[in-house]
Amino acid sequence: MRVLVIGSGGREHALVWKLKQSPKVKEIFCIPGNGGTASIANSADIKVDDIDGLCDFALKEKIDLTVVGPEIPLVAGLVDHFEEKGLKVFGPSKAAAQLEGSKVFAKEFMQRREIPTADFKSFEDINEAKAYLKDKIFPVVIKADGLAAGKGVIICKDLEEGNNALDQIMGEKVFQEAGNKVIVEDCLVGEEASILAISDGNQFIILDSSQDHKRIFDDDMGPNTGGMGAYSPAPVITKELLVTIALNIVAPTIEGMKHEGAPFKGVLYAGVMVTKDGPKVLEFNVRFGDPETQVILPRLQGDLADIFLAACDKKLNDVQLTWDKRSCVCVIMSSRGYPGPYEKGKIIEGITLVEGEDVVFHAGTKKDDGNVVTSAGRVLGVTSLGDGIEDAIKKVYIAVEKIQFDGCFFRRDIGAKALKRKQEVSVS
Ligand code: AMP
Ligand code: GLY
């Protein structure tokens, strides 16, 4: 089988790494790819939003299965376009991708389907939104409707911050047309986790839990990033809670999308807040998480290509997932300055010193004159399996210390929340 993975992050490196383990996969392409995928997959210089270019490539190369990493091509309708040309592709249609492409769509959908989420109101008019804020109890969360590269959510602690957020999003249009509408919603309190499910539009299978670390600094301080590290499983999600999430969140979403004429095929990612009133949806994504994928796939046993094919062929009923019982931790090594401005082109040393079951997933890297150099904010995702979270944390930081580049920055507390929870449980 000839497989194409679209994207260039750590998530895509992990997807290629796992798909390569399938005896079915004879040839694999990762477009545009990065310095890590370049060693294990073919690449081509086509942008992820060049849907015609990607489709022509897939036809020319007789690709049997395409897997889409990022949200932008999904929301732009890549899957519809590929399927019109008879190509098999794992990912949701443009209509189903609205769950991530429009927060107003997602929130109204959840309201219609009685899926637990924060109370909200949506606005197209900045003055109406400001008038509504006057009577709100703060903090409130203000969200741009459309895609904003993970930056479109602002938690406002008072009216002044709320008005500023509205001015930026709707007035100055800092996220362009993504800010034509906004959501104003209640601020939820609890611990977050990422729940991913694979669906064929009809059935779904839920993956084991994980937790991202969105803030740049230790103890969840500083601005939001794409994700500075992750671990799986997330002990905040007990077996019972996973069943509750499957029943109260994932099942009505898959059922509802089918009912509304936009069946969801692909990965449904629910960002969940575990509140004292139970799990509530913070957001939906319509793709694998990054860096959640880097900690889920090393624990997933079995053939990922078979799972994707079953989803495309509406045969998920036949699939049973099994998991490595060990814990997996991924630490993102980033360029100093990220998520603000940072330097690129720094030579990375020591990657080959990381061996055995530890894996270095590349994100913002490229090959340059025989070297691997930095090319983006998130550079590498160093990933280790361990017998329990404590062992995985210890191993991953030993591996991280082997790698160097000028201006390298990483969090030192990835997995600490899981460890604390474990220690609390063993004391009580
Ligand atoms: P989103 O892109 O919607 O996941 O939002 C990014 C981050 O903002 C989430 O991971 C949460 O940390 C935070 N967030 C979003 N919505 C809420 C909410 N209603 N209450 C509290 N935090 C939120
Ligand atoms: N890790 C957050 C995301 O993939 O959106």
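Caption draft 1: Representation of the sheet that holds strand E2 (residues 27–32) within the structure. Ordered in space as E2-E1-E3-E4, the 4 strands form an open sheet in which the pairing is parallel. The two strands at the open ends of the sheet, each matched to only one other strand, are E2 and strand E4 (89–90). Relative to E2, strand E1 (residues 2–7) runs parallel, the two sharing 6 bridges. Looking across to E2, one finds that Val5 is bridged to Cys30. Along the sheet face, helix H1 (residues 10–19) touches E1, E2 and strand E3 (65–68) and points at about 165° away from the line of E1.

Caption draft 2: Here's a closer look at the sheet that holds strand E10 (residues 204–206). With antiparallel pairing, the 4 strands of this open sheet are ordered in space as E10-E9-E15-E16. Each edge of the open sheet is held by one strand with a lone partner, namely E10 and strand E16 (278–285). Across the sheet, the axes of successive neighbouring strands diverge by a mean angle of 30°, strand direction being ignored. For strand E9 (residues 191–200) and strand E15 (residues 265–275), the ladder comprises 10 bridges, and the chain directions are antiparallel. Across the sheet, the residue bridging to Ser194 is Gly271, located in E15. Contacting E9, E10 and E15, helix H12 (residues 304–312) crosses the sheet at an angle of about 65° to E9.

Caption draft 3: Quick peek at the state of the cysteines. Summed over all chains, the structure comprises 0 disulfides. Cysteine Cys30 is unpaired, with the sulfur of Cys330 as its nearest cysteine sulfur at 16 Å. A residue is classified by how much of its surface remains accessible, and Cys30, at 1% relative accessible area, is buried. Here Cys312 is not cross-linked by a disulfide; its sulfur's nearest cysteine counterpart is in Cys55, at 15 Å.

Caption draft 4: Representation of a negative patch on the surface. A cluster of like negative charges, contributed by Asp49, Asp50, Asp52 and Asp56, occupies part of the molecular surface. Inspection of the secondary structure puts Asp52 in helix H3 (residues 51–60). On the basis of relative accessibility, which here comes to 48%, the residue Asp52 falls in the partly exposed class.

Caption draft 5: Quick look at the site of ligand 1. By nearness alone, 14 residues border ligand 1, and Glu185, Asp186, Leu188, Glu192 and Glu283 come closest of all. Glu185 is positioned such that a nitrogen or oxygen atom in its side chain is 2.6 Å from a nitrogen atom of ligand 1. Between ligand 1 and Glu283 there is a distance of 2.7 Å, counted from an oxygen atom to a side-chain nitrogen or oxygen. For ligand 1, the accessible surface in isolation is 460 Å², of which the surrounding protein chains cover 92%. Of all elements in the fold, only strand E6 (140–144), strand E7 (153–156), strand E8 (182–186) and E16 reach the threshold of two or more residues within the shell around ligand 1. The residue inventory of the shell around ligand 1, partitioned by class, reads 7 nonpolar, no polar and 7 charged.

Caption draft 6: Fine view of the nonpolar core. Formed by 74 residues in total, the largest nonpolar core has its most connected members in Leu78, Phe82, Leu99, Ile237, Phe284, Val329 and Ile403. Aside from chain neighbours lying at most four places away, what touches Leu78 is Ile6, Ile51, Leu54, Val68, Pro73 and Val89. Residues Ala14, Ile28, Ala41 and Val319 belong to the second largest nonpolar core, which totals 38 residues.

Caption draft 7: The site of ligand 2, seen in detail. Taken together, Asp212, Gly226, Tyr269, Asn285, Arg287, Gly289, Asp290, Pro291 and Glu292 are the residues near ligand 2. Asn285 has a polar side-chain atom sitting 3.5 Å from an oxygen atom of ligand 2. Residue Arg287 places a side-chain N or O atom 2.8 Å away from an oxygen atom belonging to ligand 2. In isolation ligand 2 exposes 200 Å². Once the protein is present, 90% of that is buried. Residue composition of the shell around ligand 2, grouped by class: 2 nonpolar, 3 polar and 4 charged.

Caption draft 8: Expanded view of the side chain of Glu12. Here Glu12 shows up in helix H1. According to the relative accessible area criterion, Glu12 is buried, its value standing at 1%. Dropping the residues within four chain positions of it, Glu12 is found in contact with Val5, Ile6, Gly7, Cys30, Thr37, Gly69 and Pro70.

Caption draft 9: Quick look at empty space enclosed by the protein. Counted according to the given criterion, the structure contains 2 cavities of 30 Å³ or more. Taken as a whole, the largest cavity holds about 60 Å³ of empty space. Leu99, Lys103, Ala106, Lys107, Met110, Lys143, Glu185, Leu282, Glu283 and Phe284 together form the lining of the largest cavity. Residues that form the lining of the largest cavity fall into these classes: 5 nonpolar, no polar and 5 charged.

Caption draft 10: Highlighting unusual backbone geometry. With omega at 0°, the peptide bond leading from Phe138 into Pro139 counts as cis. Here Pro139 lies in the loop between helix H8 (126–134) and E6. Backbone geometry at Lys173 places phi at a positive 55°, although glycine is not the residue there. Topologically, Lys173 is positioned in the loop between helix H9 (159–171) and E8.

Conventions we followed
Residues numbered from 1 in each chain as written. Chains lettered and ligands numbered in written order. Predicted model: local features only at pLDDT ≥ 70, side-chain atom pairs only at ≥ 80, totals over all residues. Heavy atoms only, no water. Pairing = 2+ DSSP bridges. Helix = DSSP H or I, 4+ residues; strand = E, 2+ residues; numbered from the N terminus. Contact = heavy atoms within 4.5 Å. Axes fitted to C-alpha atoms, helices over the stretch in contact; angles between N-to-C directions. Disulfide = S-S within 2.5 Å. Buried < 20%, exposed > 50% of the residue type's maximum accessible area, 1.4 Å probe, protein only. Patch = residues over 30% accessible without salt bridge, like charges linked within 9 Å, V, L, I, M, F, W, Y side chains within 5 Å. Areas by Shrake-Rupley, 256 points an atom, 1.4 Å probe, with all protein chains shown as cover. Salt bridge = Lys/Arg side-chain N within 4 Å of Asp/Glu carboxyl O. Lys, Arg positive; Asp, Glu negative; His and termini not counted. Charge placed at Lys NZ, Arg CZ, Asp CG, Glu CD. Near = heavy atom within 4 Å. Polar contact = N/O pair within 3.5 Å; in protein donor to acceptor, adjacent residues only side chain to side chain. Nonpolar A, V, L, I, M, F, W, Y, C, P; charged D, E, K, R; others polar. Core = buried A, V, L, I, M, F, W, Y, C linked by side-chain atoms within 4.5 Å. 1 Å grid on protein atoms, 1.4 Å probe; cavity = no way out; pocket = protein on both sides within 12 Å on 5 of 7 lines; lining within 4 Å. Points joined across faces, edges and corners; volume = space filled by probe spheres on them.

Read these as layout, nothing more, since geometry by itself doesn't imply function.
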